[in-house]
Amino acid sequence: MPIRSRIIGLGSYVPERVLTNYDLEKMVDTSHEWILDRTGISERRIASEEEATSDLAYLASQIAIRDAGIKPGDLDFIIVATVTPDMLFPSSACLVQQKLGVQGIFAFDISAACSGFIYALSVADQYIKSGIYRTGLVVGADAFSKVVDWTDRNTCVLFGDGAGAAVLQADSGNSGIISTHLYSDGALWDLLYVPGGGSRNPPSEAMLGNRLQYIKMRGNETFKVAVNTMSEVIKEALKCNGLTPDDIKLFIPHQANLRIIQAISKKLNVPMERFKVNLANYGNTSAASVPIALYETIREGKIEKGDYILLEAFGAGLTWGAALIKW
Ligand code: UT7
C-alpha cells in the first residue's frame, strides 16, 4: 500500500462578534434583501481589534490537535494559508508555532488567497506521501475585515473572518488525500487584489489617502471565472480518478457566493443538496472557508468511512484547485 496523508483531526474558530446585514445597512447604502438575494450571506464574524490572523489560526489548530489525539510536539511541520498575515514577516505559521510552543520543526505561510487551504493541503500531502515527514498541521486563516474598505458596498458585504485547521498524518490504509489539482493564472491578478502595503505601493500618506490598503475587486468578472474554473477543476479531479459526480458524497466548495455554487451545481448537473453551504453565517472567510465547511460537515456526521468528498476553491491570483479525499 502506498503512503497516503489522512486527515486525523479538524478544528475551526470564528471570532465572537457577529456583523449582520442589518448592521451593514447602517454603514453603507445596502439592504439585507440585496445582500441575501445576490450572495446568500446573512451575517459574518469580525475579529476584535486585538485579534490577528495567527490568533484565529492558533485557536482552530488547538481544536484540530485535540481532535487528532496528538500533542503539538508530535507535529513535523506547520503550514498556514493566509493573505492577511499578522505582519509582512515573520510568517503567521511561525507565530502559530510559537503559540503552540513547539520547536525543532519548520513552519511557513502560503499565499493563494481563497484557494490557500487546498494549496497548503497539496503541499503537505507531498511531504507526507514522499515519506519525509509523518504529521503536519495545515491551517487556512484570514481576517479580511482588516483589509476591507468599510465604505465600499461592492466588497464589504462579502467577507468575514475565521480559521480552519487539519492535522494530516501518514497512513498506509486506502483512505486519505487521493489527489490534488492546483492552477493559477497571473494574467488575471487585477480581478481581486490589495494594491498597498507591499513593495509596489509601500505605506505612505499618499497610499493611505488613495485607500490602496483596501481590497479592490471586479466582482462580475470574478464571478464568471469562479464558476468556470471550479467546474473545470472538479471535472478534472473526477476524470483523473475514474469517478463520476455520483461517486462523491459531498462537494465542499469555497463559500464566496451562493449563486456561484448554484451555477456550478447546474453546470455539473449535481443537486444542491450534495454541496455543503454555510456562507449564510460566515460570508467569505477566504482561506478559512473550505476547512470551516469541512469541519462542520464531519461534525454533522454526514460522512462515513470510505465516502469520497471533493474540496474546491478559487481566489485571488487568480488561483484555483481541488482535493479529492476518501474519508
Ligand atoms: O473569493 C473570491 C471573492 N470574490 C467573489 O467571489 C466575488 C464574485 N462576485 C460576486 O459575488 C458578485 O459579482 C457580487 C455579489 C460582488 C455582485 O453581484 P452582482 O449580481 O454581480 O451585482 P453587480 O456587480 O452587477 O451590481 C448590480 C447592482 C449595481 O448597481 P447598478 O449599477 O445596477 O445601479 C451595484 O452598484 O448592485 C449594486 N450593488 C449593491 N447594491 C446594494 C453592488 N453592491 C451592492 C450592495 N448593496 N452591497
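Refer to the structure presented above.
Just so it is clear, the model here is predicted, and its values are computed rather than measured.

Considering the overall build of the protein chain
In terms of helices and strands, the protein chain carries 11 helices and 13 strands. C-alpha extents for the protein chain along the principal axes are approximately 60 × 50 × 35 Å. Evaluated residue by residue, the protein chain yields a buried proportion of 54% over its 327 residues. Working note: accessible area of the protein chain is about 13900 Å², and carbon and sulfur atoms make up 50% of it. Positive and negative charge centroids in the protein chain, built from 31 and 36 side chains respectively, lie 4 Å apart.

Comments concerning the nonpolar core
The biggest cluster of nonpolar side chains holds 42 residues, and the ones touching the most others in it are I260, I264 and L310. Of all the secondary structure elements, the ones that give two or more residues to this core are α8 (219–240), β11 (248–253), α9 (258–268), β12 (308–315) and β13 (319–326). Ranked by residue count, the leading element in this core is α8, at seven residues. Both domains that meet at this core, namely domain 1 (4–172) and domain 2 (178–326), each give it at least three residues. With 32 residues, the next largest nonpolar core counts I110, F117, I177 and Y295 among its residues.

Points about the packing of aromatic side chains
Summed over all chains, the structure comprises 11 aromatic pairs. Residues F106 and F108 carry aromatic rings whose centres are separated by 6.1 Å and whose planes lie at 5° to one another, so their mutual orientation is stacked. F106 gets classed as partly exposed once you look at its relative accessible area, which sits at 24%. Each residue in the set F77, F106, F108, Y127 and Y133 is aromatic and connected to the rest through ring pairs, giving one cluster.

Re the pairing of β11
Judged by how many residues are buried, β11 sits mostly within the fold: five of six residues are covered. As defined by bridge partners, β11 adjoins β12 across five bridges and the pair is classed as parallel. Paired with I248 across the bridge in β12 is Y308.

A few points about the sheet that holds β12
Taken in spatial order, the four strands line up as β8-β13-β12-β11 in an open sheet, and their pairing is mixed. On the outer flanks of this sheet lie β8 (176–184) and β11, each paired with one strand and no other. The mean angle between the axes of side-by-side strands here comes to 15°, regardless of whether they run parallel or antiparallel. Relative to β13, β8 runs antiparallel, the two being bridged by eight bridges. In the strand pairing of β13, I177 is matched with I325. Sheet contacts for α8: β8, β11, β12 and β13; angle to β12, the most-contacted strand, approximately 150°.

Concerning the pairing of β13
A large share of β13 lies buried, amounting to eight of its eight residues. Here β12 pairs with β13 via eight bridges, running antiparallel. Note that in β13 the partner of L311 across the bridge is A323. In sequence, β12 turns back onto β13 through a hairpin of three residues, with G317 there showing a positive phi of about 145°.

A word on the side chain of S265
As for its position among the elements, S265 is in helix α9. A distance of 2.8 Å separates the side chain of S265 from the backbone oxygen of V270, its partner in a polar contact. Setting aside residues up to four positions removed in sequence, S265 forms contacts with V270, P271, M272 and F275.

Digging into the site of the ligand
Around the ligand sit 23 residues, and of these T30, R38, R153, N257 and R259 come closest. Side-chain polar atom of N284 to an oxygen atom of the ligand: 3.0 Å apart, as the coordinates give it. The protein chains hide 75% of the 950 Å² of surface that the ligand would expose on its own. Listed by contribution, the elements that provide at least two residues to the shell around the ligand are α2 (32–39), α6 (153–156), α8 and α9. Two domains share the shell around the ligand, each providing at least three of its residues, namely domain 1 (4–172) and domain 2 (178–326).

What counts, and where the lines are drawn
- Residues numbered from 1 in each chain as written.
- Predicted model: local features only at pLDDT ≥ 70, side-chain atom pairs only at ≥ 80, totals over all residues.
- Heavy atoms only, no water.
- Helix = DSSP H or I, 4+ residues; strand = E, 2+ residues; numbered from the N terminus.
- Buried < 20%, exposed > 50% of the residue type's maximum accessible area, 1.4 Å probe, protein only.
- Areas by Shrake-Rupley, 256 points an atom, 1.4 Å probe, with all protein chains shown as cover.
- Lys, Arg positive; Asp, Glu negative; His and termini not counted.
- Charge placed at Lys NZ, Arg CZ, Asp CG, Glu CD.
- Core = buried A, V, L, I, M, F, W, Y, C linked by side-chain atoms within 4.5 Å.
- Domains from an automatic or database assignment.
- Phe/Tyr/Trp six-rings, centres within 6.5 Å; stacked < 30°, edge-to-face > 60°.
- Pairing = 2+ DSSP bridges.
- Axes fitted to C-alpha atoms, helices over the stretch in contact; angles between N-to-C directions.
- Contact = heavy atoms within 4.5 Å.
- Polar contact = N/O pair within 3.5 Å; in protein donor to acceptor, adjacent residues only side chain to side chain.
- Near = heavy atom within 4 Å.

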